[in-house]
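The primary structure of each chain is shown beneath.
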Amino acid sequence: MYLAVAPYFLLFAVFSAIPIVFTMFLAFTDWRGIGEWNVIGLENFSYLIHDPLFRKSLKNTLILWVMSTVPCLTLATLLALALNASVRFSTVYRVAYLVPNITSLVAMGILFSSIFSSNFGIANAMLNLVGIDSVRWLQTEWGIKIAISTLSAWSFVGYNALIILAGLQSIEKQVYEAAQLDGAGPVRTFFSITLPMLRPIVLFITIMSTIGSLQSFTESQVMTSSQGGGASSAGGVGNSGLTMVLYFYSVAFQENRYGYGATIAWGVMVVVIVFTIINWFATRERSR
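Report follows, based on the coordinates. (Residues numbered from 1 in each chain as written. Predicted model: local features only at pLDDT ≥ 70, side-chain atom pairs only at ≥ 80, totals over all residues. Heavy atoms only, no water.)

### Some words on the environment of Pro71
Along the chain, Pro71 turns up in helix α3 (residues 52–84). On the basis of relative accessibility, which here comes to 33%, the residue Pro71 falls in the partly exposed class. Taking the C-alpha atoms as reference points, Pro71 and Trp154, 83 residues apart in sequence, are found 9.4 Å from one another. (Helix = DSSP H or I, 4+ residues; strand = E, 2+ residues; numbered from the N terminus. Buried < 20%, exposed > 50% of the residue type's maximum accessible area, 1.4 Å probe, protein only.)

This is the structure:
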């Protein structure tokens, strides 16, 4: 038996446990990839608390979390309700909605960079059709945030819709029949029956979306680096697209400040844990 489970613990030790311990050790040093290991105590953590760029990345991450999670949950619920109804070719739609989740984020980031391009993007073309001037999406603070959050929501709306659909199909039809006999309309039925019975599903999706959004990297990295400028352009104009993980990547692997990069990684972990706990308690209280 021990021999059967040994590969799991070996892989866990090599790819999880040892890197975690090594990262904690790095956080107390100023190691830059080569040279001596100078232990500097809590200097990295002290600097992290007052680091304006880390605060900026935290603020951007939280804004992007709200801008992507709320529309994603709303659209996913609407799609799940549509699929749960008697719609023809519903199986085809379910497969189609899952395609964005299995498509490479790098490829989709490049595609969305073209969509939100200032010169030839589809987004500006649609605005021009209704008489609105073009917007420099990837050269303005809120334009970058809208583009990144749109990509994030588009990537996971289908996956979340299928999870919500599974929850909808687990609700007994007799409950809806009883509500109809009592004279409840579709809106009243949704808010009084469907939504309360979907709370465990919504809790799961919200927590997973929170964890994923707070660790977002690919969307921001691809869409901001597409504007050119190399390492210095990480985060876009005014670092308006700089997320916590993108900041960690820039410090550790572009500036070779592995000690401070490890400190940022631990800061990201603490933020994720704190917001996950807050999210869980808030949703649990609403369920009660």
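Now that the structure has been shown, we can carry on.
### Here we look at helix α6 (residues 122–129)
For α6, the full list of buried residues reads Ala123, Asn124 and Leu127. Considered in projection along α6, the buried side chains sweep an arc of 95° and stay on one side of the axis. Exposed residues lying more than 90 degrees from the buried face of α6 are Ile122, Met126 and Leu129. (Arc of directions from axis to C-beta.)

### Some details on empty space enclosed by the protein
Here the idea is plain: a probe the size of a water molecule rolls over the atoms and shows the empty space left. All told, the structure shown has one cavity of 30 Å³ or more when counted by the stated rule. Size it by volume and the largest cavity reaches roughly 40 Å³. Lining the largest cavity are Leu64, Ser68, Ile148, Ser152, Ser213, Ser216 and Glu219. If you list the elements that add at least two residues to the lining of the largest cavity, you get α3 and α7 (141–169). When its residues are assigned to classes, the lining of the largest cavity shows two nonpolar, four polar and one charged. (1 Å grid on protein atoms, 1.4 Å probe; cavity = no way out; pocket = protein on both sides within 12 Å on 5 of 7 lines; lining within 4 Å. Points joined across faces, edges and corners; volume = space filled by probe spheres on them. Nonpolar A, V, L, I, M, F, W, Y, C, P; charged D, E, K, R; others polar.)

### Describing the pattern of salt bridges
Considering all chains together, one arrives at three salt bridges under this definition. Of the charged contacts, one joins Glu255 and Arg257 as a salt bridge, the two residues approaching to 2.8 Å between their closest N and O atoms. Classification of Arg257 by relative accessible area gives partly exposed; the value is 25%. Salt bridges here are not isolated pairs; linked through shared partners, they connect Lys56, Glu141 and Lys145. (Salt bridge = Lys/Arg side-chain N within 4 Å of Asp/Glu carboxyl O.)

### Brief notes about the packing of aromatic side chains
With the rule as written, the count across this model stands at 17 aromatic pairs. Centre to centre, the rings of Phe28 and Phe45 are 5.3 Å apart; their planes meet at 50°, and the pair counts as tilted. Here Phe45 lies in helix α2 (residues 43–50) and Phe28 lies in the loop between α1 (2–26) and α2, a separation of 17 residues in the sequence. Overall, the relative accessible area of 26% leaves Phe28 in the partly exposed class. Overall, the relative accessible area of 23% leaves Phe45 in the partly exposed class. The structure contains a cluster of three or more aromatic residues connected by ring pairs, namely Phe22, Phe25, Trp31, Trp37, Phe217, Phe248, Tyr249, Phe253 and Tyr258. Above the ring of Trp142, the side-chain terminus of Lys145 is found at 5.5 Å from the ring centroid. (Phe/Tyr/Trp six-rings, centres within 6.5 Å; stacked < 30°, edge-to-face > 60°. Lys NZ or Arg CZ within 6 Å of the ring centre and 35° of its normal.)

### Observations regarding the environment of Met223
Tracing the backbone through its elements, the reader meets Met223 in helix α11 (residues 218–225). Overall, Met223 belongs to the buried group, its relative accessible area being 2%. Separated by 114 residues in sequence, Met223 and Gly109 place their C-alpha atoms 5.8 Å apart. With residues up to four places along the chain from it excluded, the contact list for Met223 reads Gly109, Phe112, Ser113, Phe116, Leu138, Ala147, Ile148 and Leu151. (Contact = heavy atoms within 4.5 Å.)

### Comments concerning the packing of helix α5 (residues 105–115) against α7
For the pair α5 and α7, interaxial distance at closest approach is 11 Å and the crossing angle is 135°. Classified by the angle between their axes, α5 and α7 sit oblique to one another. Judged by the sense of rotation from one axis to the other, the crossing of α5 with α7 is right-handed. Contacts from Leu105, Met108, Gly109 and Phe112 in α5 reach Thr150, Leu151, Trp154 and Ser155 in α7. Here the contact of α5 with α7 is composed, by residue class, of five nonpolar, three polar and no charged. (Axes fitted to C-alpha atoms, helices over the stretch in contact; angles between N-to-C directions. Parallel < 35°, antiparallel > 145°, perpendicular 65-115°, else oblique. Left-handed = near helix turned anticlockwise from the far one by under 90°.)

### Considering the environment of Leu138
By secondary structure assignment, the location of Leu138 is in the loop between α6 and α7. Here the alpha-carbon distance between Leu138 and Met223, two residues 85 residues apart in the chain, equals 7.9 Å.

### Some points on the packing of α7 against α11
Closest axis-to-axis distance for the α7/α11 pair is 10 Å, and the angle between their directions is 135°. Looking at the two axes, α7 sits oblique to α11. As α7 runs across α11, the sense of the crossing is right-handed. Here Ile144, Ala147, Ile148, Leu151 and Ser152 of α7 lie close against α11, whose contacting residues are Glu219, Ser220, Met223 and Thr224.

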